[in-house]
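Residue-level listing of the chains:
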Amino acid sequence: MGSKIEARLPRGMRDILPDKMIRRLYVIRVIREVFEEFGFEPLQTPALELQETLQGKYGPDAEKLIYHAGHPRGKEKLSMRYDLSVPLCRVVAMNQNLLKPFKRYQIAPVWRADRPQRGRYREFYQCDADTVGSDSVLADAETLNVIYEVLRRLGFPRFITNLNNRKILTGIGQFCGVPDDLLGGIYRSIDKLDRIGLPGVQEELEAHQIPAQVVRRLLELLQISGDNQSILEELRRELKEFPAALAGIGELREILSYLQAVGIPAQHYAVKFAMVRGLEYYTGPIYETTIEEPPMPSITGGGRYDRLIGMFQPEALPATGTTIGIERIIDVMEELGMFPPEVGSTVSQVLVTLFDENSIAESLQLASQLRKAGINTELSHQASGLGNQIRYADRKGIRFVAILGPDEMAAGTVTIKSLAAQAQKTVARATAAEVVNTWE
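Conventions used here
- Residues numbered from 1 in each chain as written.
- Predicted model: local features only at pLDDT ≥ 70, side-chain atom pairs only at ≥ 80, totals over all residues.
- Heavy atoms only, no water.
- 1 Å grid on protein atoms, 1.4 Å probe; cavity = no way out; pocket = protein on both sides within 12 Å on 5 of 7 lines; lining within 4 Å.
- Points joined across faces, edges and corners; volume = space filled by probe spheres on them.
- Helix = DSSP H or I, 4+ residues; strand = E, 2+ residues; numbered from the N terminus.
- Nonpolar A, V, L, I, M, F, W, Y, C, P; charged D, E, K, R; others polar.
- Phe/Tyr/Trp six-rings, centres within 6.5 Å; stacked < 30°, edge-to-face > 60°.
- Buried < 20%, exposed > 50% of the residue type's maximum accessible area, 1.4 Å probe, protein only.
- Lys NZ or Arg CZ within 6 Å of the ring centre and 35° of its normal.
- Core = buried A, V, L, I, M, F, W, Y, C linked by side-chain atoms within 4.5 Å.
- Contact = heavy atoms within 4.5 Å.
- Polar contact = N/O pair within 3.5 Å; in protein donor to acceptor, adjacent residues only side chain to side chain.
- Pairing = 2+ DSSP bridges.
- Axes fitted to C-alpha atoms, helices over the stretch in contact; angles between N-to-C directions.

**Structural notes on the layout of surface pockets**
Stage number 1. The calculated volume of the second largest pocket comes to roughly 480 Å³.
Stage number 2. As for the second largest pocket, its lining consists of 19 residues, of which Glu342, Val343, Gly344, Thr346 and Val347 are closest to the centre.
Stage number 3. Of all the secondary-structure elements, those providing two or more residues to the lining of the second largest pocket are helix H1 (18–37) and helix H16 (432–438).
Stage number 4. Top contributing element to the lining of the second largest pocket by residue count: H1, with four residues.
Stage number 5. Its residues assigned to classes, the lining of the second largest pocket shows eight nonpolar, eight polar and three charged.

Here you go:
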């Protein structure tokens, strides 16, 4: 036998042990329930896509992060999926007869060769909901409603979804009057407004060799503030000569009216016209959500991408959607202790103890009885002493221990011990499940 291999993981990858996985599955369940309530249906796509499917869709910076894969006998050039939106577009192009609008959700891992840090990993799950085939901004407003409902049900009290429109950014570029090759620098700089402030934006713009008169006009524009309607009205006045910007402003106004109609509190959304979002395929409304406490980068992001599907077929199709960043959501929920008490560290609710080898049959029967009643039940495999079995249940987080000793077996009873309450009840075996389910 050769030397032992050191057990380790690739950088940016994780094992998710059962206690963490239970919490993850709770969050996924909540997200899935909301998606389905809004009529989104499940879709699965492969982890590997053809390189040509992914290349040229995200922009040069993002595409540096794509993992490539292959096999010595393979002839196709393959890549690990970078997100779930481009695979969706491929699916739509390959299935022309899908009923439109096509509303799908997908919850699956993606891979990016990013720099690992808090809330950012190289393998992580995305939870996407998208609507294909609707050019109405009702679809965008519905997506924002989904985001609000997910975060509300998960218990987040303070979050805000920032809204912008790529058409407004196009208008800002036209307003600046600079060549297209300078627009990237302008957009990257203004996107950092919240982090570096106006002086920092000015410094960055000058570093990108943006003309001084353009910097001055842009800084004046970035000082627009107020409530959502005031910001849009002021933008309309400043950008009135640019039709693209006016169209984007109109779309945001319409979305805001729909959010108000469904009763989403105004503190949970805001117009933020300096927000850019990095992916190049967005064409209309864009949105991302941040948590105010503790401060956390965007936990949801999305927008309208009406031209992306057209890269796979002769005609474009309108599409919009969001991805919900489950990794950051879980990190924050753990940090703030937001998981409900019933989301514990184990799936087992009851441990049925084993007194000795002669009691195996009766312990098996009790465990089966509890499972048939819908109670997750674990059975001790060794008669290692009652104290040891109770300590095992306590360390694992199992709430109840069902004890079958000689007295209980003779009387047809069972002793149910609540580890949390440090109390126990001896009851008829037929009522054991009812006692567990109703214990206060």
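**Side note on the packing of aromatic side chains**
Stage number 1. Inspection of the entire model under this criterion finds 10 aromatic pairs.
Stage number 2. Taken together, a centroid distance of 6.5 Å and an interplanar angle of 80° make the contact between Phe175 and Phe242 edge-to-face. Pair noted here: Phe175 is in helix H6 (residues 166–176) and Phe242 is in the loop between helix H10 (228–238) and helix H11 (243–261), with a separation of 67 residues, a long-range link.
Stage number 3. Residue Phe242 is classed as buried on the basis of its relative accessible area of 15%.
Stage number 4. In textbook terms, an aromatic cluster arises when at least three aromatic residues are bridged by ring pairs, as seen for Tyr58, Tyr82, Tyr281, Tyr282 and Tyr305.
Stage number 5. The ring centre of Phe175 lies 4.0 Å from the NZ or CZ of Arg217, which sits over that ring.
Stage number 6. Positioned above the aromatic ring of Trp439, the side-chain terminus of Lys425 is 4.3 Å from the ring centre.

**Comments concerning the nonpolar core**
Stage number 1. Val27, Phe156 and Ile186 are the most contacted members of the largest nonpolar core, which totals 98 residues.
Stage number 2. Looking at which element gives the most residues to this core, the answer is helix H5 (residues 137–154), with nine residues.
Stage number 3. In this structure, Ile375, Ile416, Ala433 and Val435 belong to the second largest nonpolar core, which totals 19 residues.

**With respect to H6**
Stage number 1. Taking burial as the measure, the 11 residues of H6 include eight buried ones, the bulk of the element.
Stage number 2. Taken together, the buried positions of H6 are occupied by Arg166, Ile168, Leu169, Gly171, Ile172, Gly173, Phe175 and Cys176.
Stage number 3. Of the surrounding secondary structure, the elements contacted by the buried residues of H6 are strand S7 (159–165), helix H7 (180–190), helix H9 (212–222), H10, H11 and strand S9 (285–291).
Stage number 4. Its side-chain oxygen 2.9 Å from the backbone nitrogen of Lys167, Asn165 forms the N-cap of H6.
Stage number 5. The first or second residue beyond H6 is Gly177, which carries a positive phi of 70°.

**So, the sheet that holds strand S3 (residues 68–69)**
Hydrogen bonds between backbone atoms are what pair the strands of a sheet, whose relative direction is either parallel or antiparallel.
Stage number 1. Spatially, three strands are ordered S2-S4-S3 in an open sheet, and the strand pairing comes out antiparallel. Every interior strand has two partners, whereas the edge strands, strand S2 (48–50) and S3, have only one.
Stage number 2. Relative to strand S4 (residues 78–80), S2 is paired through three bridges, and the arrangement is antiparallel. In the sheet register, Glu49 faces S4, and the bridge partner there is Ser79.

**So, empty space enclosed by the protein**
Stage number 1. With the rule as written, the count across this model stands at one cavity of 30 Å³ or more.
Stage number 2. In terms of lining residues, the largest cavity is bounded by Leu144, Ile147, Tyr148, Phe159, Thr161, Leu259, Ile264, His268 and Tyr269.
Stage number 3. Of all the secondary structure elements, the ones that give two or more residues to the lining of the largest cavity are H5 and S7.
Stage number 4. Among the elements that take part in the lining of the largest cavity, H5 stands out by supplying three residues, more than any other.

**Considerations on the sheet that holds strand S15 (residues 413–418)**
Stage number 1. The mixed open sheet is built from five strands, whose spatial order is S13-S12-S14-S15-S16. Looking at strand neighbours, the two that pair on one side only are strand S13 (377–379) and strand S16 (423–428), the edges of this open sheet. On average, adjacent strands in this sheet sit at an angle of 25° to one another, irrespective of strand direction.
Stage number 2. Across three bridges, strand S12 (residues 350–352) lies against S13 in parallel orientation. In the strand pairing of S13, Val350 is matched with Thr377.

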